[in-house]
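The residues making up each chain are set out below.
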Amino acid sequence: MKHFGKKVEYKGVKYDSQKELDFFKKYLEHCKYRVEIHQRFQLLGKFPVCGYNMSGIAYTPDFVVYDQEGRMLHVYDVKTGLTSWLIDPAAKIRFKLFAWKHNLPVEVVVPRAHDFKMKMPGFTTNTMHDKHVHYDRHGNMKINKRNGQPVYDRYNVYRDINYSIHEIVGW
């Protein structure tokens, strides 16, 4: 299932959606780091199969944040939600290939009014993320039908980008 936002332009740069632009304005535009927008990374070059070339795989994250020495600090992909319905399987594969090649996980972010939710899909454990009770769109707490316990989502919430991804993952 694909979801496409309406493209918007701000200061001569095109963004894929208003949500992406809002994340940039609120958290990245005035940060102390260098930010690249829609920088393309080649994950796998083209290769021959049976005498024909098979196309390669590239990934273009929404934002890449670099420190003063040029090291990647964050790789952000802005989405409308963190569920598997909103992050397609092809994107998850690209996230894993990117993490394998660059040793840095992709951070899927969902901007909200005063903060943003962040999750790193693809890990075999989600204990690195904080646990939050899941509520439906009407504000009712979701309850597991089998055991009667609350349903929990796992993601982290931040108000700025001054956190270390290395401390969260543990390396």
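As the structure is a computational prediction, the values presented were derived from the model and not from experiment.

Student: Would you mind going over the nonpolar core with me for this structure?
Tutor: One recurring pattern in soluble globular proteins is that nonpolar side chains are buried together. Membership of the largest hydrophobic core comes to 41 residues, with the highest contact counts inside it found for Phe23, Leu28, Phe63, Tyr76, Phe116, Met118 and Ile161. Beyond its immediate chain neighbours, meaning those up to four positions away, Met118 contacts Glu107, Val108, Val109, His129, Tyr155, Asn156, Tyr158, Tyr163, Ile165 and Ile168.

Student: I tried to follow the packing of aromatic side chains on my own but got confused; where do I start?
Tutor: The geometry of an aromatic ring pair comes down to the distance between the two centres and the angle between the two planes. For the structure on display, the rule yields 14 aromatic pairs. Plain terms: the ring middles of Phe23 and Tyr76 are 5.2 Å apart, the flat faces sit at 70 degrees to each other, and that makes the pair edge-to-face. On the criterion of sequence distance, the pair formed by Phe23 in helix α1 (residues 18-28) and Tyr76 in strand β9 (residues 72-78) is long-range, its members being 53 residues apart. No difference in accessibility class separates Phe23 from Tyr76, as the two residues are buried. Against the face of Tyr10 rests Lys25, its NZ or CZ located 4.6 Å from the ring centre. Taking NZ or CZ as reference, Arg34 lies 4.2 Å from the ring centre of Tyr66, over its face.

Student: What am I meant to see in the side chain of Glu107 here?
Tutor: Secondary-structure assignment places Glu107 in strand β10 (residues 107-111). Among buried charged residues, Glu107 stands out as having no salt bridge; its nearest opposite-charge side chain is Arg71, 14 Å away. There is a polar contact of 2.8 Å between the side chain of Glu107 and the side chain of His74.

Student: Is there a simple way to think about α1 in this case?
Tutor: One turn of an α-helix holds 3.6 residues; hence residues three or four places apart share an orientation. All buried positions along α1 are accounted for by Glu20, Leu21, Phe23, Phe24, Tyr27 and Leu28. Projected down its long axis, α1 shows its buried positions confined to an angular sector of 160 degrees, all on one face.

Student: What exactly am I supposed to notice about the pattern of salt bridges here?
Tutor: Side-chain pairs of opposite charge can arise where the charged atoms are in close proximity. The full count for this structure, using the stated rule, is 7 salt bridges. In this structure, the salt-bridge partner of Arg71 is Glu69, at a minimum N-O distance of 3.0 Å. In terms of burial, Arg71 and Glu69 fall into one category: exposed. Taking the shortest distance from any N to any O, the salt bridge between Lys79 and Asp77 comes out at 3.3 Å. By relative accessible area, Lys79 is classed as buried at 19%.

What counts as what
Residues numbered from 1 in each chain as written. Predicted model: local features only at pLDDT ≥ 70, side-chain atom pairs only at ≥ 80, totals over all residues. Heavy atoms only, no water. Core = buried A, V, L, I, M, F, W, Y, C linked by side-chain atoms within 4.5 Å. Buried < 20%, exposed > 50% of the residue type's maximum accessible area, 1.4 Å probe, protein only. Contact = heavy atoms within 4.5 Å. Phe/Tyr/Trp six-rings, centres within 6.5 Å; stacked < 30°, edge-to-face > 60°. Helix = DSSP H or I, 4+ residues; strand = E, 2+ residues; numbered from the N terminus. Lys NZ or Arg CZ within 6 Å of the ring centre and 35° of its normal. Lys, Arg positive; Asp, Glu negative; His and termini not counted. Salt bridge = Lys/Arg side-chain N within 4 Å of Asp/Glu carboxyl O. Polar contact = N/O pair within 3.5 Å; in protein donor to acceptor, adjacent residues only side chain to side chain. Arc of directions from axis to C-beta.

Function cannot be read off these values alone, since they describe shape.
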